[in-house]
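Spelled out, the chains give:
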Amino acid sequence: MSVSFEVTQRFTDLLVREAWARDNSRFDEWVAFFDDELRYWAPSRLFLERGQENLGKAELFCHIDEDKPGFLLRIKRLTSGLTYTDEPPPRTRRLITNVLVLEADDSNAEVISYFMMFRSHPGHPDESIVGHRRDKWVRRGADWRIRERMIVIDQDKLTSYLGLL
Amino acid sequence: MSVSFEVTQRFTDLLVREAWARDNSRFDEWVAFFDDELRYWAPSRLFLERGQENLGKAELFCHIDEDKPGFLLRIKRLTSGLTYTDEPPPRTRRLITNVLVLEADDSNAEVISYFMMFRSHPGHPDESIVGHRRDKWVRRGADWRIRERMIVIDQDKLTSYLGLL
Amino acid sequence: MSVSFEVTQRFTDLLVREAWARDNSRFDEWVAFFDDELRYWAPSRLFLERGQENLGKAELFCHIDEDKPGFLLRIKRLTSGLTYTDEPPPRTRRLITNVLVLEADDSNAEVISYFMMFRSHPGHPDESIVGHRRDKWVRRGADWRIRERMIVIDQDKLTSYLGLL
Amino acid sequence: MERPKLPAVGDRRTDPTVFFDPGLFEEEQGKIFGRCWLFLAHESQLPNNGDFVTTAMGYEPIIVWRGRDGVIRAFINSCRHRGMKICRVDHGTAKVLSCPYHAWSFSAEGKLTGVPSRERYPESFDPNDWGLIPVPKLRNYHGFIFGSLAENGESFEDYLGEFKYYFDVIARRTEAGYDLLPGKQTWRMKVNWKLGAEQTSGDNYHAPYAHRSIAALGFLGDMKEFAKRGLENDFQVGERGHGLIVLGHPIPPNAPEGFEEYEHAVREDARRRLSPTQANLTTSGLILSVFPNLVFILYLGGMSLRYYQPVSTEETELIYWTLVDHGAPAWRRDMSRREVGRSYNALGIIDSDDAEMWMGCMQGLRGHYRRKFPLNYDLGRATVHRENERPGSIDSTPSEVGVFGFWERWQELMREPAEA
Amino acid sequence: MERPKLPAVGDRRTDPTVFFDPGLFEEEQGKIFGRCWLFLAHESQLPNNGDFVTTAMGYEPIIVWRGRDGVIRAFINSCRHRGMKICRVDHGTAKVLSCPYHAWSFSAEGKLTGVPSRERYPESFDPNDWGLIPVPKLRNYHGFIFGSLAENGESFEDYLGEFKYYFDVIARRTEAGYDLLPGKQTWRMKVNWKLGAEQTSGDNYHAPYAHRSIAALGFLGDMKEFAKRGLENDFQVGERGHGLIVLGHPIPPNAPEGFEEYEHAVREDARRRLSPTQANLTTSGLILSVFPNLVFILYLGGMSLRYYQPVSTEETELIYWTLVDHGAPAWRRDMSRREVGRSYNALGIIDSDDAEMWMGCMQGLRGHYRRKFPLNYDLGRATVHRENERPGSIDSTPSEVGVFGFWERWQELMREPAEA
Amino acid sequence: MERPKLPAVGDRRTDPTVFFDPGLFEEEQGKIFGRCWLFLAHESQLPNNGDFVTTAMGYEPIIVWRGRDGVIRAFINSCRHRGMKICRVDHGTAKVLSCPYHAWSFSAEGKLTGVPSRERYPESFDPNDWGLIPVPKLRNYHGFIFGSLAENGESFEDYLGEFKYYFDVIARRTEAGYDLLPGKQTWRMKVNWKLGAEQTSGDNYHAPYAHRSIAALGFLGDMKEFAKRGLENDFQVGERGHGLIVLGHPIPPNAPEGFEEYEHAVREDARRRLSPTQANLTTSGLILSVFPNLVFILYLGGMSLRYYQPVSTEETELIYWTLVDHGAPAWRRDMSRREVGRSYNALGIIDSDDAEMWMGCMQGLRGHYRRKFPLNYDLGRATVHRENERPGSIDSTPSEVGVFGFWERWQELMREPAEA
Ligand code: FES
Ligand code: FES
Ligand code: FES
Ligand SMILES: [Fe+3]
Ligand SMILES: [Fe+3]
Ligand SMILES: [Fe+3]
């Protein structure tokens, strides 16, 4: 394996910190993990004959597909205090496992992580979703930023609002 | 980040060993992880307007709030063979993820970890709970001990007996 | 603790890579993780009086108990494109946590890991199973291989086909 | 499915089908939860005008709200327009709540005070017709707020009947009353609510056995000897479905210094409000149930309050709180809080045992063949009706007088015709 | 359980029990989903012979399949032998599908073409009797494929009635029609399907309030001012249970260059197929519902299609797709796709708000006591029946004319006798 | 919901509603599971006095217990006091079990032997009236213990009827009988139990298709050729709802040395107990079902036992065990254990395919429109009633004679009046 344990440790640590910021609704801190050239997206999935599913298919329906301005717009909404899905604040928990650095050099890295996200909010049963993320990190000075996050959900049917963002 | 990967590794390893001892009902081994000045507690939670929830609120209802004698009393009960919730022995599994060392020096450390606990026992459906722990560790000679464990559950409604302790 | 963090890191990394290969149905890559002297098995479980359960009991019913030829036979079936449980391809996710190296030297190691496996397939509700694995690794030249995998499921009742293999 | 034959009153048998029949469950919503007085909140949760707390009466979501006039009211927590829950938090403070859906606004007094696009409503639309639906009957009994959905039903005092004698022992224990501490627990379990309710109504029989693990730790004292001690200090009462178990004056192991003095002072002071016999009970070990679903446990310094919230035939929520004497010293308050955390909740070393029994009964009784064989409530003898000044059906302990009293009352109500 | 009393047509009240009664839900399967025209697929999903796509009509799994003759047919996706789903993928291409269980084979035209061990079947067995069960009525209306299980029911055009005037505004917006983009979302939520359907049928009232968070971001324009602008640009229509909301010609914030020109050209071109009034509507903000469960939203450049799939009284699936104009430039197509991803799905900044309301209504209304109080649909006045050429019950906005129209139609159908 | 019209006996059609109607499901509890003989345990699980094993009959939890007198009895696993499950483990040994709730104690013979606070019970209380509820009829047939809840029902032998001829082939295969290996699997799946039961009763038709993946691996031999081989080695039987499929004498791929010799010896030895024709069948590939829910599969060296446990209309549990010949050499025992682990369980390469089919049928058939079209069981011809000495309706394979036989018996029982 070409990637040192140190590198895996570094991205594990970053992902854990990122989840901690988000789960605590510290959005300022959280936004700082994302690059200005961001693509934040979650392709929809189908059950097709083996080999037919293509998450990179042109014009595929996405549960979310935002660039940085769209991302910031959503955060502005979430922090407005006016959003009924998020008031009172839901309890979310993003369990991150299986961190796998696919490639990494001094300025770029591609990192897989698995997740189980949990969400509790009054008015509906507790929800959880399972899947993986494929994050492309880029180094900006001393910091690493996520330039692309692709969230791949394994569930067939989505439930509730989810805390995907 | 001020904490070295080594330190994160150390507490990850301790938490994994602790869960393994508990999941195997090796209570002697498990008790050794906890300091004599222990507080072991799980505050109850409410859905309130943003910013209103305060887990440190005075006199808050706790699902459990034990000092070391109370902790040992509960273990004495669990190991008596007389406890119907624990006979026949339930199967428990404490999946620990997202270990985050908030601060650490030579003698103290504060460590977040996320969990998903699973429990199976005859007579009711399988249960799981999700949340995080905030552990305060203290060094006693060569060993690290948990002096305070705060367990924060994300679920709105508790199910079954749980293996919280 | 007698095992260095490096060693824990090594097996964590191997387990994560193994799960990634399997979750992506890259069976060639996956098979390479297993030794020719393989035993791949999952004992059945009962609720019995404390201390009575014995997973090593002779002639115990196993959900699966394969040597390498049996293992390869199953993979041949899974990759044939003819298997209705696996066509269209299910989505599986093997979240691996709590990696604990019980012992390790230069040529052998025994490693515990906890898992939560998720599976989605059309025609039935999403499933997950929780448990742990006890893997015996052996070194073959530069590579480590799994010579024995014992999968211990905590659920009382199995659901659906599962992606155990 | 055939409706289970309800047994004749007094024969101390029950048909297991009462725990499983979905039709009966629906009927209970109207005949039990639609007619009985149910606990809603404690006054200490609503110290200021505008304070509100949300709860439920059977399936009805409820908001208890102190008006700008200081009056406490209770309403169905559902907008009159199209039904949205107007309040989605556990508690808070507001003079007006605006419905999230179309922003109809309701004052703390339940009035519809704001309707967007009001000018587009017809003349026939009168906001006075569309205020929040009040819980029709409300009673604040020494801080405990009860409500009833039966507009023409009996008063709270008539509902308690002679059991008021015992309820006062708890309700009027101190002049200053109680504080209900912040926070609560909701425990959802796979049982019919009546398995819990029958037990707390008067089953002291199970204590040394189901709770043998804490008995072995010395927490239950000489419980097996209860019956021998006669009716003075240890007894049980059943009356109109309400139930009481009195368990002497146990001293908690490792009781903090000052505990006995404190309790003694309570007992003495209680004589200013209660008869000497009642006053003596204020510091007894007490398990008191108000039909159908409210339970107080005062034992070993812990003061616990809970109710059983039916969800379906096979699912129930238990809602738990801690009570403390208002004005008690911090150590005494903390003693109650810790004891409730230790014993009376999903993680409690007492209540977890009970849930295990109830779940086991659900499984044991589910089969159609098993249901042909009735349950037995024969335990107890020499029941006295009124003993000295003490009212109700009294027995020494263990006895099933209170448990079967629960069932008699349940049957009585279930036999009444459905509301027109 | 007593069947809820359906209110008299026209009194603008509904009994909350309609969202909870399991008997009504079963009845709906036959009387609503067994009789109405339901959306099945869009032609663009099936460009080639042999292409198929799977969907559902109520509980019936459906396969829509283009035959080797180019004809699009729809069948129940269930083998005639013992019922196995013959197709288990979302879409694909095949001339023949073989049942997984015992390999009976069915051609794209629905014929039973292969039966293993055929020689062991009796003479009376005629494969012509055992072809796939066709959806008895099918209509491809400008690319939108609708089906009905009511063999002797009315035609699709009669089913639309005068509402066809509005449906054409969407269906015939461009000559080339639409592409339905690949991929979809299924969102399962704990609500009765009618809470969604009633809202999209004509509830514009909730927009500034339930969606206040995006209103604050400027996404809803001057929505509060709608009513003042008269019937010309902003209005609502209810007709036979179908509904329409027209919301002027809003310009999306940060609209890409060329957007206004593009829409202008669409509007101009539409005059070749539609009346000038209709053509003018093609580029309005539009929320259009076809009874009982199909919804188009064309707003701020997004073109969204969805339907409500009932699962049980308390569970519903929403299935979402994106539409784009066939032949539109890539940026215009992408604009629709991104806007649908942002607003109209489980993660959307609009639809997530709505689901929160529907779930809140389920909770607010569940109690038996609450259900005694009807829901209110009084909003709206001065409803015109036919305004100039525009048909249906028309009102300025906000109005509940469309919402209550949904209920009138629902009641009408539910009152019909069950099929023999 | 209307009760599905049960088709006339013999017309080889079934109404799909039988898999979905909750009322029918409740009826089955009494009419099928309350009347039929059900498998409870194997004697080898209870070698010593006091040994017990827990299982279920429909919804009834059961304990099978060998008394201190060596007699095996079966009881409802529910305390007579208030219904608690007295035994909460899968198996164990005890002379007395004490109920966890209030410690009533029951001996292995079912007697109530201990009642705490016995002195507080009324004189009318007679412990003899409150022993464990026995399963009223029990039959240990060559080690296989069956029970029936129908006190006045027919004997086990009458229940088998002429099918006893075939059951003996398995039950009396060796003189020493079987060991049931330790451990079991419970697999809960979303299907109606009858989809499993109908299949194992005689559906050999699906094997080459549903199991094509293992057919491709060569595990099913020349299955497609079965029909050509006549009635001698390959045939199916249906009789009183019981069913049998006989699949020649296949040799497992890579069979261990000695396998053929071992089986040959079994066959020879069997002649001492069985007719030559029967003896010849002992080592055939056999799938044998005892109505309503028990299945043996003896194939390729594996000896599997399972039953279908109904949970609800749409949920079923399959309980799996491994059988081995008592006294067989270790390699032969291990061969059975490994083959069961490989093929016959939730992870098995055979049974996982079947479950996929049953779940697909549930989805394919759920819709109300689909249910108007009956299922087809026409396959098979030239059925003989009794062929030489062989009883029952016999057909070569594939045939649906056994599958439809299951349905005829089911209909017969469901048409009987409910118990008074
Ligand atoms: S539901 Fe409350 S304002 Fe409409
Ligand atoms: S169910 Fe389709 S071929 Fe039998
Ligand atoms: S339920 Fe068994 S002793 Fe009471
Ligand atoms: Fe108790
Ligand atoms: Fe909306
Ligand atoms: Fe099969």
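A short tour of the structure in this document, coming up. This is a predicted model, so every value here is computed, not measured. (Residues numbered from 1 in each chain as written. Chains lettered and ligands numbered in written order. Predicted model: local features only at pLDDT ≥ 70, side-chain atom pairs only at ≥ 80, totals over all residues. Heavy atoms only, no water.)

### Considerations on the overall build of chain D
- Within chain D, the secondary structure is distributed over 11 helices and 22 strands.
- The C-alpha atoms of chain D give a radius of gyration of 22 Å, which matches the 22 Å a tight globule of 420 residues would have.
- Taking the principal axes of the C-alpha coordinates as reference, chain D spans close to 75 × 55 × 40 Å.
- Split into buried and exposed, the 420 residues of chain D put 69% on the buried side.
- Restricting to contacts in chain D with at least 6 residues of sequence separation, those with at least 24 account for 65%.
- Distance from the positive charge centre (50 side chains) to the negative charge centre (57 side chains) of chain D: 3 Å. (Helix = DSSP H or I, 4+ residues; strand = E, 2+ residues; numbered from the N terminus. Rg over C-alpha atoms; globule rule 2.2 N^0.38 Å. Buried < 20%, exposed > 50% of the residue type's maximum accessible area, 1.4 Å probe, protein only. Contact = heavy atoms within 4.5 Å. Lys, Arg positive; Asp, Glu negative; His and termini not counted. Charge placed at Lys NZ, Arg CZ, Asp CG, Glu CD.)

### A word on the relation of the copies chain F and chain D
- Superposing chain F onto chain D requires a rotation of 120 degrees together with a translation of 0.0 Å along the rotation axis, leaving an RMSD of 0.0 Å. Both chain copies can therefore be described as sitting about a three-fold axis. For chain F, the smallest separation between a C-alpha atom and the rotation axis is recorded for Pro22(F), amounting to 7.2 Å. (Least-squares fit on C-alpha atoms with pLDDT ≥ 70 in both.)

### Re the sheet that holds strand β2 (residues 38-42) of chain E
All names here are of chain E.
- What the three strands build is an open sheet, ordered β2-β11-β10; its pairing is antiparallel. With partners counted over all chains shown, the strands left at the sheet margins are β2 and β10 (137-141), one partner each. Strand-to-strand twist of the sheet, defined as the mean angle between neighbouring strand axes without regard to direction, takes the value 25 degrees.
- The pairing of β10 with strand β11 (residues 144-148) spans five bridges and is classified as antiparallel. Its bridge partner being in β11, Tyr-141 is matched across the sheet by Phe-144.
- Its contacts with the sheet place helix α3 (residues 164-171) against β10 and β11, and it is angled at close to 60 degrees to β10. (Pairing = 2+ DSSP bridges. Axes fitted to C-alpha atoms, helices over the stretch in contact; angles between N-to-C directions.)

### What about the arrangement of the chains?
- Between chain B and chain E there is no contact, and the shortest C-alpha to C-alpha separation is 15 Å.
- Regarding chain A and chain F, which are not in contact, the minimum distance between any of their C-alpha atoms is 15 Å.

### Quick look at the coordination of the iron ion (ligand 4)
Residue and element names in this part refer to chain D.
- At 2.1 to 2.4 Å from the iron ion (ligand 4) lie its protein donor atoms, namely His-206 (NE2), His-211 (NE2), Asp-354 (OD) and Asp-354 (OD).
- His-206 sits in the buried class, given a relative accessible area of 6%.
- Under the relative-accessibility criterion, Asp-354 is labelled buried at 5%. (Donors = N, O, S within 2.8 Å, 3.2 Å for Na, K, Ca; no water.)

### Some words on the pattern of salt bridges
- Counted by the stated rule, this structure contains 162 salt bridges over all chains.
- Of the charged contacts, one joins Glu59(B) and Arg333(D) as a salt bridge, the two residues approaching to 2.7 Å between their closest N and O atoms. Here Glu59(B), found in the loop between β1 (34-43) and β2 (62-67), pairs with Arg333(D), found in helix α9 (residues 330-343), and the two come from separate chains.
- According to the relative accessible area criterion, Arg333(D) is buried, its value standing at 13%.
- As a salt-bridge pair, Glu400(F) and Arg82(E) come within 2.9 Å of each other at their nearest N and O atoms. With Glu400(F) in the loop between β22 (390-395) and α11 (401-415) and Arg82(E) in the loop between β5 (72-76) and β6 (91-93), this pair bridges two chains. (Salt bridge = Lys/Arg side-chain N within 4 Å of Asp/Glu carboxyl O.)

### Topic: the nonpolar core
- Judged by nonpolar contacts, the single largest core of 167 residues is most densely connected at Trp137(B), Tyr166(D), Phe167(D), Phe296(D) and Trp104(F).
- Among all residues touching Tyr166(D), those that are not within four sequence positions of it are Phe235(D), Val237(D), Leu244(D), Leu281(D), Leu288(D), Arg390(D), Pro391(D) and Ile394(D).
- Listed in part, the 166 residues of the second largest apolar core include Ile153(C), Cys99(E), Phe167(F) and Leu294(F). (Core = buried A, V, L, I, M, F, W, Y, C linked by side-chain atoms within 4.5 Å.)

### Structural notes on the sheet that holds strand β2 (residues 38-42) of chain F
Residues and elements named next belong to chain F.
- Strand order in this open sheet of three strands is β2-β11-β10, and the pairing throughout is antiparallel. In the strand order of this sheet, the two ends are held by β2 and β10 (137-141), each with one partner. Across this sheet, the average inter-strand angle for adjacent strands is 25 degrees, counted without regard to direction.
- Pairing of β2 with strand β11 (residues 144-148) involves four bridges; the strand directions are antiparallel. Bridge pairing links Phe-39 to Phe-146 in β11.
- Sheet strands touched by helix α3 (residues 164-171): β10 and β11. Its angle to β10, the strand with the most contacts, is close to 60 degrees.

### A closer look at the environment of Met189(E)
Residue and element names in this part refer to chain E.
- Residue position: Met-189 is located in strand β13 (residues 185-189).
- For Met-189, a relative accessible area of 2% puts it in the buried group.
- In this structure the C-alpha to C-alpha distance between Met-189 and Glu-315, which are 126 residues apart in sequence, comes to 5.7 Å.
- Those residues in contact with Met-189 that lie beyond four places of it in its chain are Glu-314, Glu-315, Thr-316, Leu-318, Ala-355 and Trp-358.

### As for the interface of chain F and chain D
- With 36 residues of chain F at the interface, the matching set in chain D holds 40 residues.
- Together, the buried faces of chain F and chain D total about 3,200 Å²; carbon and sulfur atoms form 55% of this surface.
- Counting the surface chain F buries against chain D, the share from its top three residues, Arg82(F), Tyr101(F) and Arg120(F), is 28%.
- Counting across the interface, chain F meets chain D through five salt bridges.
- Here Asp395(D) makes a salt bridge to Arg120(F), at a shortest N to O gap of 3.0 Å. (Buried area = accessible area lost by both parts, 1.4 Å probe.)

### Considerations on the packing of aromatic side chains
- Enumeration over the complete set of coordinates arrives at 132 aromatic pairs over all chains.
- Sitting above the plane of the Phe291(F) ring, Arg409(F) keeps its charged end 5.9 Å from the centroid. (Phe/Tyr/Trp six-rings, centres within 6.5 Å; stacked < 30°, edge-to-face > 60°. Lys NZ or Arg CZ within 6 Å of the ring centre and 35° of its normal.)

### Topic: the packing of helix α1 (residues 22-31) of chain F against α11(F)
Residue and element names in this part refer to chain F.
- Their axes nearest at 10 Å, the elements α1 and α11 cross at an angle of 85 degrees. Looking at the two axes, α1 sits roughly perpendicular to α11. Across the interface between the two elements, Leu-24, Glu-27, Glu-28 and Lys-31 of α1 pack against Trp-410, Leu-413 and Met-414 of α11.
- For the contact of α1 with α11, the class distribution of residues is four nonpolar, no polar and three charged. (Parallel < 35°, antiparallel > 145°, perpendicular 65-115°, else oblique. Nonpolar A, V, L, I, M, F, W, Y, C, P; charged D, E, K, R; others polar.)

### Some details on the side chain of Asp378(F)
- Inspection of the secondary structure assignment puts Asp378(F) in the loop between β20 (375-376) and β21 (384-387).
- Accessibility expressed as a relative area gives 8% for Asp378(F), which makes it buried.
- A polar contact of 3.1 Å, which involves the side chain of Asp378(F), links it to the side chain of Arg13(F).
- Filtering out sequence-adjacent residues up to four positions away, Asp378(F) remains in contact with Tyr121(E), Pro122(E), Phe125(E), Arg12(F), Arg13(F) and Glu400(F). (Polar contact = N/O pair within 3.5 Å; in protein donor to acceptor, adjacent residues only side chain to side chain.)

### A few points about unusual backbone geometry
- The omega torsion across Glu87(A) and Pro88(A) is -10 degrees, close enough to zero to call that bond cis.
- Examined against the element boundaries, Pro88(A) turns out to sit in the loop between α3 (68-78) and β3 (91-104).
- Cis geometry is found at the peptide bond from Thr397(E) to Pro398(E), where omega equals 0 degrees.
- Note on placement: Pro398(E) falls in the loop between β22 (390-395) and α11 (401-415).
- Residues other than glycine seldom take positive phi values, yet Glu59(C) does so here, at roughly 65 degrees.
- In this structure, Arg240(F) is a non-glycine residue whose phi angle is positive, near 55 degrees.
- For Arg240(F), the location among the structural elements is in the loop between β14 (234-239) and β15 (242-247).

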